[in-house]
Amino acid sequence: MRKRHWLACLLSMWLSAVGGQAIAQPPPAGIPNNLGNPDLTGMMPPPYSGNYGPNPPQQYGGMPAGYPPGANAWPNITPYGPPVDETSNQNGLWFNRQLTGGKKYYFSLEGLIGNTTRPSNFIGDPQANTIDIFTEPGGTGQFIDHNQQFFEQVAVPTGTPHRSLIGSGTGGTGGTGGTGTGTGTTTATDFPIFLGQSTGSITDRLSSGGMRATWGWTNPDSSGVEASGWFIGPSSAKFFLGDQRQFNSTLFGLNPDLEVDRLHAYAGLPLSGADTDGDGLPGMVMPFDIYYRLQYSTQSGGANLDWITTPIIDKPGFMMRAMYGARYMAIRETFQFDGADSGLGYTINLPGSGVGGTGTGGGTGTTTGTSNGFLSPAGATSLEPLINLSIMQSLLSSSVTTQLAGPEAGFRFDIGGERFKIWTTSKLGLLANVSARNLSGYNIGDAYYFNTNPAVPGLTTMPRNNPAATKFAHQDTTTALSPLFEQSIFGKAKLFQYVPVLKKSKILSNADFQAGYTVIVVGNVYRPSQDIDWQAYPISPLLRDKRGSFITSNYSFGMSWEY
């Protein structure tokens, strides 16, 4: 196949102006004439190609005779030829296609409905205070952890109930017909108290609106250039345990109308570190019985510039082209944990059963004694209106700003015609990733362990509810490579001209309605809830090198114009 793009040569106009002559000659039968064809390019396939052309202009007005170097007088030198002239040989037959016209520009403006997938990870150290069977020190009961991972007891002074004590059932009475004493036993069971949570508990979607603008042009040979920019606004979702009436987010305290029955062992925060609560298990679990909250927020945006090649496949109603270019993308995400605790101890009474003793004067007793299981703050009945509680509020905030830039390449497939078209693009990229991370907070640790008996040696007591003394802050900036994949599908049709009111508008009557869906997956990205090393005071939480995937998608609706 031979393709010749016509050049705008002014030689013929110069010849006309000076009165020169150009005489077309048929192909010679013998000796080739290369004076009119300086580059010796034949216009016919071998063996019929010959070097022929009109005689060159003579010397005139001080100008040298002959054609300038590189000028071809054959097949023509007019500047008004078609931009693209294609000649191809298919199965021995020659075909010629000429494409006329200039660039076709287009512009689209779309509204986006974006959705970002939040990471799913456990909040805290999953290895802290884990055990299958635990027997309460000094007690007769035990619990078996079948489904819950965190059962926590907080050591308090002697004589004060622990936050998770196992109670024993009372024995049954003697059998009828005699006197006797029953033997009491306790039935072991699971009881959820101060359980660890995960970001999977956040059920709200991270959805928000945004915009995208696209501008570009298409050449007569279907190649072109396209530039696009988009953003999805901030969105947030949260998980909350507690009674909203119990906590004032401005004063960080309890409302005056709080009653005891509104306190509950809502959740726990497992932390790495020493056995500060004296239960023989690694780490500790911070309790929260006023409220417990997780919140996640995200926003993103980007731009790309792509070159589109001439068609690889070009058939009626179907076209396949390659794309390559550059992309920039920015991601801003924040994770926040906060909770409040009353400082009260808790008692757990599990259901118990007793078997009646053998009567001395009669039959065997069968009476069963029971005690109901319950969870409530110890000594709460003597605390009203709870103005002397040792309330502690804890906070941790983690944020990541990710900027990505690099090359991308892919393919574009077009189906349809001028009035209705569907196209899809698939792109892969390898982007430089610069991530700036910040971690800060206060009161993350065990404010009870100074009561541990025996005391944990070598540890500094964490002051209770003292943000100034327990605050921490860490920053880090790293650079890495992140792979990117983008898949999109769009469709457009001339629909506005059928709407009675809109078709009267000159702007809308020439516009196409456009809709689509796009999904972007970026790997090797820091997510703010995943890169935390949950350490207890005095170390406090640290940043760790753990990365995941960022996935965002959007539905788009808008208009496009060609001009």
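The structure displayed is predicted, hence computed values, not measured ones.

What about the overall build of the chain?
Counting its regular elements, the chain contains three helices and 27 strands. In the chain, which comprises 563 residues, the proportion classed as buried is 42%. Pairs at least 24 residues apart make up 77% of the contacts formed inside the chain by residues separated by at least 6 positions. Approximately 28000 Å² of the chain is accessible, and the part contributed by carbon and sulfur atoms is 58%.

Points about the layout of surface pockets
Its volume calculated, the largest pocket comes out at about 960 Å³. In terms of lining, the largest pocket is formed by 49 residues, of which the most central are Thr 218, Arg 321, Arg 412, Asp 414 and Lys 421.

Focus: the packing of aromatic side chains
Under the criterion given, the structure shown has 15 aromatic pairs. Considering the side-chain rings of Phe 240 and Tyr 291, the 5.8 Å spacing of their centres and the 15° angle between planes classify their relative orientation as stacked. Residue Phe 240 is found in strand E10 (residues 224-242), and its partner Tyr 291 is found in strand E15 (residues 291-308); the two are separated by 51 residues along the sequence. A relative accessible area of 21% places Phe 240 in the partly exposed class. Consider the rings of Phe 288 and Phe 337, whose centres lie 5.5 Å apart with planes at 75°: the pair is edge-to-face. A residue pair is termed long-range when its members are at least 10 positions apart, and Phe 288 in strand E14 (residues 284-288) and Phe 337 in strand E17 (residues 318-341) qualify at 49 residues. Each member of the pair Phe 288 and Phe 337 is classed as buried.

With respect to the side chain of Lys 492
Position of Lys 492 relative to the elements: it lies in strand E23 (residues 472-493). Looking at Lys 492, the relative accessible area reads 12%, which means it is buried. Here Glu 562 takes part through its side chain, which lies 3.5 Å from a polar atom of the side chain of Lys 492. Contact partners of Lys 492, with chain neighbours within four places excluded, come to Arg 419, Phe 420, Lys 421, Trp 423, Asp 512, Phe 513, Gln 514, Ser 560 and Glu 562.

With respect to the nonpolar core
Core analysis: the largest hydrophobic core is formed by 27 residues, its most contacted members being Leu 269, Phe 335 and Phe 337. Sorting the residues of this core by element identifies E10, strand E13 (267-271), E14, E15, E17 and strand E21 (392-416) as the ones contributing at least two each. Counting residues in hydrophobic clusters, the runner-up holds twelve residues, among them Met 329, Leu 431, Leu 484 and Ile 520.

Points about unusual backbone geometry
Backbone phi values are negative for most residues with the exception of glycine, while trans is the configuration of most peptide bonds. The step from Tyr 537 to Pro 538 runs through a cis peptide bond, and the omega angle for that step is 15°. The topology assignment puts Pro 538 in the loop between strand E25 (532-533) and strand E26 (542-543). Positive phi is not limited to glycine here, since Asn 524 has a value of about 60°. Inspection of the secondary structure assignment puts Asn 524 in strand E24 (residues 512-525).

Some remarks on the pairing of E21
Here E17 runs beside E21; their pairing, made up of 24 bridges, is antiparallel. In the strand pairing of E21, Ala 326 is matched with Pro 407. Where E21 meets strand E22 (residues 420-442), 20 bridges bridge the pair, whose relative direction is antiparallel. Bridging from a neighbouring strand, Phe 413 pairs with Thr 424 of E22. Two successive antiparallel strands, E21 and E22, enclose a turn made up of three residues.

Looking at the environment of Asp 533
Tracing the chain through its elements places Asp 533 in strand E25. We classify Asp 533 as partly exposed; its relative accessible area is 26%. Apart from the residues within four sequence positions on either side, Asp 533 is in contact with Pro 541, Leu 542 and Arg 544.

Some thoughts on the side chain of Glu 408
Along the chain, Glu 408 turns up in strand E21. Relative accessible area serves as the criterion here: at 5%, Glu 408 is assigned to the buried category. In this structure the side chain of Glu 408 is engaged in a polar contact, spanning 2.6 Å, whose partner is the side chain of Arg 327. Contacts of Glu 408, omitting those with residues within four sequence positions, involve Asn 304, Asp 306, Tyr 324, Gly 325, Ala 326, Arg 327, Lys 427, Leu 428, Gly 429 and Leu 484.

Things to note about the confidence of the model for the chain
Taken over all residues, the pLDDT of the chain has a mean of 73, while the share at 70 or more is 58%. Here residues 1-16 is modelled with pLDDT under 50, and outside its nearest four sequence neighbours on either side it reaches 37 contacts, counting other chains as well. Note that residues 30-36 has pLDDT below 50 and, in this model, 15 contacts with residues that lie over four places away or in other chains.

Considerations on the environment of Ser 390
Relative to the helices and strands, Ser 390 is located in the loop between strand E20 (374-377) and E21. Residue Ser 390 is classed as partly exposed on the basis of its relative accessible area of 37%. Counting along the chain gives 49 residues from Ser 390 to Asp 341, while the straight-line C-alpha distance between them is 8.2 Å. Ignoring sequence-local partners within four residues, the contact set of Ser 390 consists of Asp 341, Ser 342, Gly 343 and Arg 464.

Rules used in this analysis
Residues numbered from 1 in each chain as written. Predicted model: local features only at pLDDT ≥ 70, side-chain atom pairs only at ≥ 80, totals over all residues. Heavy atoms only, no water. Helix = DSSP H or I, 4+ residues; strand = E, 2+ residues; numbered from the N terminus. Buried < 20%, exposed > 50% of the residue type's maximum accessible area, 1.4 Å probe, protein only. Contact = heavy atoms within 4.5 Å. Areas by Shrake-Rupley, 256 points an atom, 1.4 Å probe, with all protein chains shown as cover. 1 Å grid on protein atoms, 1.4 Å probe; cavity = no way out; pocket = protein on both sides within 12 Å on 5 of 7 lines; lining within 4 Å. Points joined across faces, edges and corners; volume = space filled by probe spheres on them. Phe/Tyr/Trp six-rings, centres within 6.5 Å; stacked < 30°, edge-to-face > 60°. Polar contact = N/O pair within 3.5 Å; in protein donor to acceptor, adjacent residues only side chain to side chain. Core = buried A, V, L, I, M, F, W, Y, C linked by side-chain atoms within 4.5 Å. Pairing = 2+ DSSP bridges. pLDDT = per-residue confidence, 0-100.

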